Structure formats: structure tokens, C-alpha cells
Amino acid sequence: MTLVGATPRLAGLSSAEAAELLRVHGPNTVERPRPKRLAGRILHQLTDPLVALLLAAAVVTTALQDVADTVVILLVVSVNTIIGVVQEVRADHAIAALDRLAAPSARVVRDGTDAVIPAADLVPGDVVHLEAGDVVPADLRLHTAFRLRVDESALTGESVTVERKAGDESYAGTVVVVGRAAGVVVRTGPSSALGRIAALVVGTRPGPTPLQQRLARLSRVLGLTAVVLSAVVFVLGLLAGRELVMMAVTAVSLVVAAVPESLPAVVTLALALGARRMAQARAIPRRLHAVETLGSVTVIASDKTGTLTEGRMAVQAAAVADATSFSVSGAGYTPTGRVHRDDQPVEPPASLRELARASLLCNDAALAGPDAEHAEWTAVGDPLEAALVAFAGRCGLDVDAERVAHPRIAEHPFDQAQRRMVTAHHGPGGAHLVVCKGAPEAVLREPVVAAPPETIAALRAAAAELAADGLRVLAVAAADDPTIDVADPVGLRPLGVVGIGDPLRAGAPDTAATFTAAGVRLILITGDHPATAAAIGGRLGLLGPDDRVVNGDSEPPGDAPEHARVYARTQPEQKLDIIAALQQRGHVVAMTGDGVNDAPALRRADIGVAMGGGTEVARQAADLVLVDDNLATVAHAIGEGRRIYDNIRRFLRYALSGGAAEILIMLIGPFLGLAVPLLPAQILWVNLLTHGLPGVALGAEPADPDVLRRPPRSPQESVLGDGLLRDILLGGLAITVTVLGAGVVAHLQGRPWQSVVFVVLGLSQLGVAMAVRPRRVRGGPGNPALIVAVAVSALLQIAGVLVPVLRELLGTEMLTVVELLACAVVSLLPGIGLLLQRRRRRPSAHPPSTTLPAPDTAAPAETGGTRQ
């Protein structure tokens, strides 16, 4: 038993004192990595394998004194470097904005009252309150500690939790696992334990994402292939009697043209746009790989409170010891409302007020009234306990007066194993009160309570009835015996049960249906009673006639059958077993959670999704943070992940088709009488125009209308899998036939055939860029950037045979208007062929198209704290 009555409450600082200390000591933030300088960003872009290949080509052309081709190559490098640097700067700004948005907060005493402030505003001397799940925001000297255990693995690497008592120091960055405490800030920012460690690793930067690694390997393969084929062209040219210098420059140009050197910029843009769109939809990716992995998620393991429900708990029903039932109404956490019996308003009887008083005293939460930032009453602490505070107010009790009249002198905090919390209080006139609240099966049993069997049976029946309605049920018992041990109470008097409801979000069933249509299985994992879990699962459409709820109390959830959709009474370690079992079956699992006990499962899952209103440790363990705590936002994020991957594959289809066509044209052309189909400068010019702005703009294409109406891709699938390599080869062949056909006809007619080949090649590739776009839905989003990029590139391509300066630089000849029109018409053929191919593959009947769902914009009240 820990006595707290003799310990006075710390007064904390005033706002004026805190402001002056903040000016002196600076913000409570650790040292950030130094921002990259412009020179470092440019160097990073130039060391990309594909760009390095371009620079090697520029060295060769410079050695050969080919000024024109050197200028074009350097222009290509410059354009791609500028695009890459701009995107990198934008990504850094997005991450900085994310840091500001997800900044941790701290519960402090300012001006004599509790307040929640950004952790960055903490100063030495601040009084900070800690609860289970909180990350210690600064180095503290503990003033009070109640059964406090802290996870210091972030600092020491030791996974075993450490007990901390009053007088000990607790360090920034550690995590409160059990209990609660209050302490005074002694060190902040760089002076804290976390700040000193952060200074040692300030230069560390994250490595490439899995997708970027796969694309880098693809780039090396493409580069090697291009070098080999260009060497073949070089040898064939020499055998045909061409000049050594000319063939060397041609071979170098082919290498440059065959590889998609703007691929890094496209990937960067796609990921950056995806992260920004997710952020706009209130889903903040904390790690880049979350953006790309989301598209292949097959199972979402979801918590209930605040995710599928509104996250605004309220006592909706109660039953007292004589089994009389009442209903309670009120708005949100407002501590006013009405009590009803048999649908008629009544004054709360003494038995109900006693139940409400006990629920209020065995409680660590508080309510905050409306202010400038919150238009409604909000919960401070665990929402479940805050609902009990509001319940006391609705039963006519003065919350503050009751707590002053019954000061707490001892407690046994709630823990997951015992599923109950016990407190002891002094009462008026020297009275003594012990209160226990928790799960009905943990409280309504002997020897915890001493009551006639029929009383216990009636309350258990009332609890089962409330749970069957989908309510979370707590039982409350009390006693006046001062000898009762709060760690192991016996002989208490049952006061009743309360049913706390958290209604489903309005769009939750539709969200579940969206996941089903997208081939993603939604499962519910909760610590609730099986009846409660079954009620929620039924409303969501997760339980069929033959399905059952997996009860973690009676069977290992990891051994549940494949089709299991609802898990009840699950412990934190059982969540790990469920996720591991799903992963062993080949699933890609996303896990949602908000509590400290969810952190291991969030890390184990392929994608950890934390609730923005949950605990800081859950947010740190997650890959994605939902600002609005709404699961519909995950559906939107999955669609974004699929859109990103689709756009990267679109770019590869477009760019590699053009590269393959250029190599085939240079290989086959001489056998058709076209001695040198293209000059090196012409190849580079086409490459600059087609792989530049149009290629990057493809990364911003909107999602397919059926993006959430198809199964997820396999994570083992190659980037060029699912027929993409075949489509690339067919597209390259179509462009080759079109270009060589136009060149041969022009050659036979005595026209400037090389210029015709040059124009048709560039315009054909731009036509393919328009053809690979996703199907449009009337009124749906478009991508005007691609249209502008294609139009500008087409004009510059034609300018290559019309503008004298460009003709001299590229070695082209003037084409007449009729010849240009003919080239434009012929250039449409590859794109038209691609569209016909896609139409032939398209199913005859599509299911109704589904655009990305718009998540709710109204953010619910914060949720967090320990679970009961």
C-alpha cells in the first residue's frame, strides 16, 4: 500500500515564470540532423547509377570533341538533377511539417491547474504528470510514484522494465509501462539524457526504401543491358564501314537513351505526392516504406475504440445492486444529462448516486471544459474513465467536491492481468472507503465480493445483457473496512454495473465493405467481452451465420482458423501471436492501435497504424499515424499506396518501351537501308524530351477508378511482373515498326528520312505517355501537368526540325507542313494500338467503380491511457 495523503500537491510554475525559463533554456527539443546543403543534395543526385552513366557518356563525348552531344547530355543531367533536388527539398519540408504535427505533448501544472502543452515548451521546474503509455518528455526528478515501472530500452538497450520511486530520476525518451507519477523537470533539450544521445547520432539518415532498392537493382540491370546492346551497334557500325568516332558517340548516345535516367525523380515525386495526399487525408506516414507497402496489405487487424467507433465514451446504462436498470443520456463528455427508468426521466436514487460516486473516486481521469481550442468538453486521461466522471455529473454529483471530500490515500492501479483497479479514500467524519472497479468477471466473484448468490447472479445477468448490446461493462464494488488490502481486496459490497458505449462511426460498415471489395480482410481484435465483440462484429458485417468469436481467455488466438474475423479478450502478447500467424500464412498485415500495450504489435506488423489521439509510444512504434483516428482513412491510404505503385509501373512501361525502341531502331535500321537512323544528338534530344517532364508528370496520375475494386499485389512480385515486361517489349516493338516504316517510306520517296525518323520517334513516345494513363471517371480528378508536359515536349520535338539553331545542333533537316502532319498522324499508331490492347483485356462488365473514400473530417475526442 502506497500512502499519498501526506504528500502535498506541487504548485508548478506560473505562465510568466515558464516563459522566462523558456527564453533562458530554449525549447525542449533534441538536436536535429543538420540540413543538407545544396552542394550535398546535388552530389547525391549525381551519384545515382543512371545519372553516373550519363556523366560517363559526357566524358566520352568531351574526349571525342563532340561539343553538341556533350551539351545535350549535360542538359539532360541538369534537368534531372534540378527535378531531384527540388523533390528532395519538398520531402524535407513535408517531414518537418509532420514533426510539428506529431509533436508530443505533456500534462503539466501551470498557474496551479492541469494543462496539456507541447513537450517542446517544457522548462526546468515544470511539474509533469505521467501515466501508463506516456513517453517521459524531459529528465524528471520524481516527486510521487505509484507502482511505477519504466521501459528504458531506448536509452540502455535493456528490455526489462525498471522500477522508479519518489526521489529517483526518470529520463527523457523512456516509456511509462505501469503506474503513474509526478515529477519536476530538471533537464530539457540537449541537456537531457535523450538529447545527449541524440547528439551522437545526429548525422544518421535513413537508408533507401525497399522499392527504391529494387528499382536501383533494376537500373543496374538496364544499364548493363544497354551497354551490351550499344556495343553490338558499335561493332556493326564499324563492320559497315562507319567512322570510329561516329560509332563511339552513337553507342554512348544509345546507352543514355536506353536507360530511364529520370526514374529516381519519378519515384521521389510519386512518394512525395503520396505522402502529401495521405497527410491531406489525415494519414501521416512516419516512414517512407509505409507509402509503398500499403498497396499490398491483405489484412487489417483493427482495434475497436476510436477506430471503428467514435472514441467518445459515455455511460449509457447502469444497473444497481437490486438489479434495477437505468439509462443515462448526455452529449459527449458534458457532465450534465438525464437519468431514465423505463423510458421515463427520474431523479437518480441513492443507490445509483452511490454507484456513480464510487466510479468517480476509483478514477484517474478528468474533464476539461470548452476553451479556445475545444468547442466541447474533452477527456483528460482515459476516455473510459472520463465517461465515468461525466456519469457522476449526470447523476447530480459535484465532481470536484466529491473528490475533495474523499481524498485518495492508497491505490492499486489497473493492470491487464487482474482487469481491475482498487483505491482507498478517507471520507467525511473519519470514514474509510475502498472502491474496486473492473471487468465483471474480475469483480463479481468470490472472495472479491461478499453478497448473496442471487445478487451476484442478477448483476452478472445485467452485465451480460449490456454486453450483448455492444456496451463495455464495468462492475463496481466498495467497502468501509480500513483493513482491506487494495492489492488483494476481499469481502466488498457490489454496487452495480455500468454499460459504457462508444457508437460505431457512421461510415464504419461502409469502410468494412470497401476493404472487402479491395480484397483486404478486416479483423477486429479487442480486449472486450466476447458478447460485446460479437455485437460490434455483427454490425460491421464481419460475422456470418457460421462464424464465431475467438476468445483469448479460453483458446490461443494464434491457432484460430484462417477465416476468423473477431477476437475478444486478447492480451498484448496474443496480438503478436495473431499477427505472426497471419504473416506465416502469407498475409501482409496492417495493425491499428493506440495504447502502450499495442506498441509490440504495431512494430511486428508489416504496417503499424497508430491513432493520433493515442499514446506517444504507439505513435513512435507506428509507420502511419491517423490524425482523425478513423479507419476509413486507412482505406484512402491503401488506395494511395496502390496509385503510387501503379504510376511507377506506368512510367517504366512508357520509358522502357521508348528505350527498347531506340535500340531496336539502331540495330535494324541499317538492314533496311537506313545507314544511321539517328545521330547521337538526336537520340539525346528525344531522350531529354520524353524522359523529362512527361515522365515525371506520370508520377502524379490519379488512381484507377477500380483501385479499391481489385486484390492487392503480392509483395514478392517483381516490379516488371504481372505482364509488364511483355507490355514493354510489345510497346517497344510497336514504336520500332512505326518509326522504321515511316523512315523507309520517306527514304524511298527521297525525303529527309532521318528527320522523319527523329520526329516520329519522339511523337510516338509522347503518344504512348498519353495512352498509359488510367481510365477516367466523368468528373473525376485529372492530371493537367501531363497534358502540358506532353504538349510542350511535342512542340520542342517539332522545333528540332524547324528552328535553325536546333537544326544545326541536332543535325536535322527542314520538314514541310505536310510532312510534319504525316509524321504526327503516323505517330498516333503505337498509342492507339496500346489503347486497343487495353480495351481488349478489359472485362466486359465492371463492378461499380470506387474512388478513394473521403474520410471523416471531424476529429473525435482524444483517446488514450490504459485499457480496461
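Nothing here was measured: the structure is a model prediction, and the numbers come from that model.

Overview of the overall build of the chain
Consideration 1: A tally of helices and strands in the chain yields 28 helices and 26 strands.
Consideration 2: Across the 868 residues of the chain, 54% fall into the buried class.
Consideration 3: Within the chain, contacts between residues at least 6 apart in sequence are counted, and of these 72% link residues at least 24 apart.
Consideration 4: Counting every atom, the chain has about 35700 Å² of accessible surface; 60% of that belongs to carbon and sulfur.

Describing the sheet that holds strand β12 (residues 338–341)
Adjacent strands of a sheet pair through backbone hydrogen bonds, lying either parallel or antiparallel.
Consideration 1: One open sheet accounts for nine strands, arranged β13-β12-β11-β10-β20-β19-β18-β17-β16; its pairing is antiparallel. Taken across any chain shown, the strands that pair with only one partner, and hence form the sheet edges, are β13 (344–346) and β16 (408–415). Adjacent strand axes in the sheet meet at a mean angle of 25° when their direction is disregarded.
Consideration 2: Two elements, strand β10 (residues 314–320) and strand β20 (residues 493–501), share six bridges in a ladder whose sense is antiparallel. Across the sheet, Val315 pairs through a bridge with Ile500, a residue of β20.
Consideration 3: Lying on the sheet, helix α15 (residues 453–468) is in contact with β10, β19 (472–479) and β20; it crosses β20 at an angle near 5°.

Section: the confidence of the model for the chain
Consideration 1: Scored by pLDDT, the chain comes out at a mean of 81, with 84% of its residues at no less than 70.
Consideration 2: When mean pLDDT is taken per element in the chain, helix α11 (residues 350–361) scores highest with 95 and helix α5 (residues 153–156) scores lowest with 60.
Consideration 3: Scored below 50 in pLDDT, residues 1–8 makes 15 contacts in the model with residues more than four places away or belonging to other chains.

Looking at the sheet that holds strand β24 (residues 589–593)
Consideration 1: Read from one edge to the other, the open sheet built from eight strands follows the order β8-β26-β25-β24-β9-β21-β23-β22, with strand pairing classed as mixed. Among the strands making up the open sheet, the edge pair consists of β8 (283–285) and β22 (550–551).
Consideration 2: Lying over the sheet, helix α17 (residues 530–540) contacts β21 (521–525), β22 and β23 (566–568), oriented at roughly 155° with respect to β23.
Consideration 3: In this fold helix α21 (residues 632–668) packs onto β8, β9 (299–302), β25 (607–611) and β26 (624–626), with an angle of close to 140° to the strand it touches most, β26.

Details of the nonpolar core
Consideration 1: One finds Val297, Ile300, Phe515, Ile638 and Leu652 to be the most contacted residues of the largest nonpolar core, which totals 106 residues.
Consideration 2: For this core, the leading source of residues is α21, giving 17 residues.
Consideration 3: With 39 residues, the next largest nonpolar core counts Val315, Ala365, Leu397 and Phe414 among its residues.

Some words on the pairing of strand β7 (residues 175–187)
Consideration 1: As defined by bridge partners, strand β3 (residues 127–131) adjoins β7 across five bridges and the pair is classed as antiparallel. By the bridge assignment, Val128 is partnered in β7 with Gly183.
Consideration 2: Across 10 bridges, the pairing between strand β4 (residues 139–151) and β7 is antiparallel. Bridging from a neighbouring strand, Phe146 pairs with Arg180 of β7.

As for α17
Residues spaced three or four apart along an α-helix face the same direction, because each turn holds 3.6 residues.
Consideration 1: Listed in full, the buried residues belonging to α17 are Pro530, Thr532, Ala533, Ala535, Ile536, Gly537 and Leu540.
Consideration 2: If you follow the buried residues of α17, they end up packed against α15, β19, α16 (508–517), β21, β22 and β23.
Consideration 3: Following α17 by one or two positions, Gly541 adopts a phi angle in the positive range, close to 80°.

What to know about the pattern of salt bridges
Consideration 1: With the rule as written, the count across this model stands at 27 salt bridges.
Consideration 2: As a salt-bridge pair, Arg419 and Glu441 come within 3.9 Å of each other at their nearest N and O atoms. Of this pair, Arg419 sits in the loop between β16 and β17 (420–426) while Glu441 sits in helix α14 (residues 440–443), placing them 22 residues apart in sequence.
Consideration 3: On the accessibility criterion, Arg419 (12% relative accessible area) is buried.
Consideration 4: Look at Glu441 and you get partly exposed, because its relative accessible area is 34%.
Consideration 5: Close ionic contact of Arg653 with Asp727 constitutes a salt bridge, the shortest N to O distance being 3.9 Å. Pair noted here: Arg653 is in helix α21 and Asp727 is in helix α24 (residues 724–748), with a separation of 74 residues, a long-range link. The same class applies to Arg653 as to Asp727, namely buried.
Consideration 6: One continuous salt-bridge network, built from bridges that share partners, spans Asp646, Arg650, Asp704, Asp706 and Arg710.

Quick look at unusual backbone geometry
Consideration 1: Residue Pro447 is reached from Glu446 by a cis peptide bond, and omega for that bond is 5°.
Consideration 2: With respect to the secondary-structure elements, Pro447 resides in the loop between α14 and α15.
Consideration 3: Of note, the phi angle at Ala323 is positive, near 75°, even though the residue is not glycine.
Consideration 4: Note on placement: Ala323 falls in the loop between β10 and β11 (325–329).
Consideration 5: Using a relative accessible area of 34% as the deciding quantity, one classes Ala323 as partly exposed.
Consideration 6: Phi angles above zero are rare outside glycine, and Asp722 is one such case at about 55°.
Consideration 7: Inspection of the secondary structure assignment puts Asp722 in the loop between α23 (693–698) and α24.
Consideration 8: You can call Asp722 exposed: its relative accessible area is 64%.

Overview of the side chain of His406
Consideration 1: Positionally, His406 belongs in the loop between α13 (399–405) and β16.
Consideration 2: By relative accessible area, which is 12% here, His406 ends up buried.

Structural notes on the environment of Arg603
Consideration 1: Note that Arg603 resides in helix α19 (residues 599–604).
Consideration 2: Residue class for Arg603 comes out exposed when judged on its relative accessible area of 56%.
Consideration 3: Remark: the alpha-carbon pair of Arg603 and Ala622, spanning 19 residues in sequence, is separated by 6.5 Å.

Notes on the environment of Pro561
Consideration 1: Within the secondary structure, Pro561 sits in the loop between β22 and β23.
Consideration 2: Residue Pro561 is classed as partly exposed on the basis of its relative accessible area, which comes to 30%.
Consideration 3: It is 9.3 Å that separates the C-alpha atoms of Pro561 and Val550, two residues lying 11 residues apart in sequence.
Consideration 4: Setting aside residues up to four positions removed in sequence, Pro561 forms contacts with Arg548 and Arg585.

Concerning the pairing of β20
Consideration 1: Summarising burial for β20: eight of the nine residues are buried, a large majority.
Consideration 2: Across seven bridges, β19 lies against β20 in antiparallel orientation. When the bridges of β20 are listed, Ala478 appears paired with Arg493.

Comments concerning the environment of His412
Consideration 1: By the secondary structure assignment, His412 is in strand β16.
Consideration 2: Considered as a pair, His412 and Ala487 are 75 residues apart in the sequence and their alpha carbons are 5.6 Å apart.
Consideration 3: Excluding its chain neighbours within four sequence positions, the residues that come into contact with His412 are Arg147, Gln418, Met421, Val422, Val486 and Ala487.
Consideration 4: Side-chain polar atoms of His412 contact the side chain of Gln418, separated by 3.0 Å.

Re the side chain of Thr690
Consideration 1: Structurally, Thr690 can be placed in helix α22 (residues 680–691).
Consideration 2: In terms of polar contacts, Thr690 uses its side chain to reach the side chain of Gln765, at 3.5 Å.
Consideration 3: In contact with Thr690, other than residues within four places in its own chain, are Tyr654, Gly695, Gly762, Gln765 and Leu766.

Considering a nonpolar patch on the surface
Consideration 1: On the surface, a nonpolar cluster with roughly 700 Å² of combined accessible area is contributed by Leu224, Val228, Val232, Val235, Leu236, Leu239 and Phe671.
Consideration 2: Residue position: Val235 is located in helix α7 (residues 210–239).
Consideration 3: On the accessibility criterion, Val235 (44% relative accessible area) is partly exposed.

The rules behind each value
Residues numbered from 1 in each chain as written. Predicted model: local features only at pLDDT ≥ 70, side-chain atom pairs only at ≥ 80, totals over all residues. Heavy atoms only, no water. Helix = DSSP H or I, 4+ residues; strand = E, 2+ residues; numbered from the N terminus. Buried < 20%, exposed > 50% of the residue type's maximum accessible area, 1.4 Å probe, protein only. Contact = heavy atoms within 4.5 Å. Areas by Shrake-Rupley, 256 points an atom, 1.4 Å probe, with all protein chains shown as cover. Pairing = 2+ DSSP bridges. Axes fitted to C-alpha atoms, helices over the stretch in contact; angles between N-to-C directions. pLDDT = per-residue confidence, 0-100. Core = buried A, V, L, I, M, F, W, Y, C linked by side-chain atoms within 4.5 Å. Salt bridge = Lys/Arg side-chain N within 4 Å of Asp/Glu carboxyl O. Polar contact = N/O pair within 3.5 Å; in protein donor to acceptor, adjacent residues only side chain to side chain. Patch = residues over 30% accessible without salt bridge, like charges linked within 9 Å, V, L, I, M, F, W, Y side chains within 5 Å.

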